[in-house]
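Each chain, written out:
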Amino acid sequence: MQEQKKLTPGTPVLEGVMPAEGRSVGMMGRKGIAHHPDITAVLEAPELYRFFESYFGEPALTYSYKWLRAVGNEDYTGAHYDTVYMGRGTKKLHTVWVPFGDLGLEQGTLAMCRGSNQLDSFSRLRETYGQVDVDRDLIEGWFTRDPMEIVEKFGGQWVIGDYCAGDVIIFGMHTMHASSTNLTNCFRLSCDIRFQPASEPVDERWTKEGIGHNPGGEQIRSMATARKNWGL
Ligand SMILES: O=C(O)CCC(=O)C(=O)O
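None of these values were measured; they are calculated from a predicted model.

Structural notes on the overall build of the protein
Along the protein, the regular secondary structure elements total 7 helices and 9 strands. Relative to a compact globule of 232 residues, whose C-alpha radius of gyration would be 17 Å, the protein shows 18 Å and is just as compact. Expressed as lengths along the three principal axes of its C-alpha atoms, the size of the protein is roughly 50 × 40 × 35 Å. Expressed as a percentage of the 232 residues in the protein, the buried residues total 48%. The long-range fraction of contacts in the protein, counting pairs at least 24 apart against all pairs at least 6 apart in sequence, stands at 83%. Surface exposure of the protein reaches about 11,800 Å², of which carbon and sulfur atoms provide 53%.

Here's what the structure looks like:
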């Protein structure tokens, strides 16, 4: 990030201090910093494989694509299900959210909506929005930018906290999540990665070189229009 001149000159590099109006720095992918050996030592640690192998009861694989994020001031993630981005393979795909370092919620941490994956009150949401594929349907991915709307309409409970280096959050493709807004002047560093049973189909957008989301340029439908059609 310093090489890309994204940090405030003269400040300690390890604090990740951003200039005024610093925005997110692109670091996702299959190459570069997301695959630096120091990063993969965390994201592909034997402890993660051991956990998933015991959870799945068979060998686990992880997608080569790493969603490494440096989230800037005033930036945040809207509420969504991950299936809309990576739902073409197994239903047993799981996300692992990994904070890099200790992160307070004022720096923009992950919030999970407890119950959103299984409460009956979310069933219409799971049957409609939960079946979207953003690349096939050419539609926005976030269901809403206002997380409180979720609990007001469907129930559940938002859970958020401060995280320490070494914590992870693990969840399936139909658990609603979002992040708090980064209100500090330091980038929030985290990465989300995916694990699944090795014998099950994969979503090739995230395992094969040269694929990914649509390159763009097409007309993208707004979530507001889709929600009107679903009556949500
Ligand atoms: O870190 C974030 O802001 C979003 C992460 C996310 O959406 C995920 O882990 O699936």
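From this point, things continue past the structure.
Side note on the site of the ligand
The immediate surroundings of the ligand are formed by 14 residues, with Thr-77, Asp-82, Trp-97, His-177 and Arg-188 found nearest. Separating an oxygen atom of the ligand from a side-chain N or O atom of Trp-97 is a distance of 2.9 Å. The side chain of His-177 places a nitrogen or oxygen atom 2.9 Å from an oxygen atom of the ligand. Burial of the ligand by the surrounding chains reaches 99%, relative to a free accessible area of 290 Å². Among the elements of the structure, strand 4 (94–99), strand 8 (177–179) and strand 9 (188–197) are those that each provide at least two residues to the shell around the ligand. In terms of residue count, strand 9 provides more of the shell around the ligand than any other element does, 4 residues in total. Taken together, the residues that form the shell around the ligand break down as 3 nonpolar, 6 polar and 5 charged.

What to know about the pattern of salt bridges
One pass over the structure, following the stated rule, counts 14 salt bridges. Lys-92 serves as the salt-bridge partner of Glu-200, at 3.4 Å between the closest nitrogen and oxygen. Here Glu-200 is found in the loop between strand 9 and helix 7 (223–230), whereas its partner Lys-92 is found in the loop between helix 3 (83–86) and strand 4, with 108 residues between them in sequence. With a relative accessible area of 41%, Lys-92 lands in the partly exposed category.

Considerations on the packing of aromatic side chains
All told, the structure shown has 16 aromatic pairs when counted by the stated rule. Between Phe-52 and Phe-56, the ring centres sit 5.3 Å apart and the planes meet at 25 degrees, which makes this aromatic pair stacked. Of this pair, Phe-52 and Phe-56 are both found in helix 2 (residues 46–56), 4 residues apart, which corresponds to roughly one turn of the helix. Using a relative accessible area of 0% as the deciding quantity, one classes Phe-52 as buried. Three or more aromatic residues link up through ring pairs in this structure, and these residues are Tyr-49, Phe-51, Phe-52, Tyr-55, Phe-56 and Phe-195. One cation-aromatic arrangement involves Arg-194 over Trp-67; the distance from NZ or CZ to the ring centre is 4.5 Å.

Some details on the side chain of Arg-205
By secondary structure assignment, the location of Arg-205 is in the loop between strand 9 and helix 7. At a separation of 2.6 Å, a polar atom in the side chain of Arg-205 contacts the side chain of Asp-203. If near-sequence neighbours (up to four positions away) are discounted, Arg-205 is found in contact with Arg-30, Tyr-85, Met-86, Gly-87, Arg-88, Asp-133, Asp-135, Ile-211, Gly-212 and His-213.

Details of helix 2
What helix 2 keeps buried is the set Leu-48, Phe-52 and Phe-56. Down the axis of helix 2, the smallest arc covering the buried residues is 50 degrees, so these residues share one side. Turned more than 90 degrees away from the buried face of helix 2 sit Glu-47, Arg-50 and Ser-54, all of them exposed. One or two steps after helix 2, the chain reaches Gly-57, where phi turns positive at roughly 70 degrees.

Rules used in this analysis
Residues numbered from 1 in each chain as written. Predicted model: local features only at pLDDT ≥ 70, side-chain atom pairs only at ≥ 80, totals over all residues. Heavy atoms only, no water. Helix = DSSP H or I, 4+ residues; strand = E, 2+ residues; numbered from the N terminus. Rg over C-alpha atoms; globule rule 2.2 N^0.38 Å. Buried < 20%, exposed > 50% of the residue type's maximum accessible area, 1.4 Å probe, protein only. Contact = heavy atoms within 4.5 Å. Areas by Shrake-Rupley, 256 points an atom, 1.4 Å probe, with all protein chains shown as cover. Near = heavy atom within 4 Å. Polar contact = N/O pair within 3.5 Å; in protein donor to acceptor, adjacent residues only side chain to side chain. Nonpolar A, V, L, I, M, F, W, Y, C, P; charged D, E, K, R; others polar. Salt bridge = Lys/Arg side-chain N within 4 Å of Asp/Glu carboxyl O. Phe/Tyr/Trp six-rings, centres within 6.5 Å; stacked < 30°, edge-to-face > 60°. Lys NZ or Arg CZ within 6 Å of the ring centre and 35° of its normal. Arc of directions from axis to C-beta.

No statement about biological role is implied by the geometric values presented.
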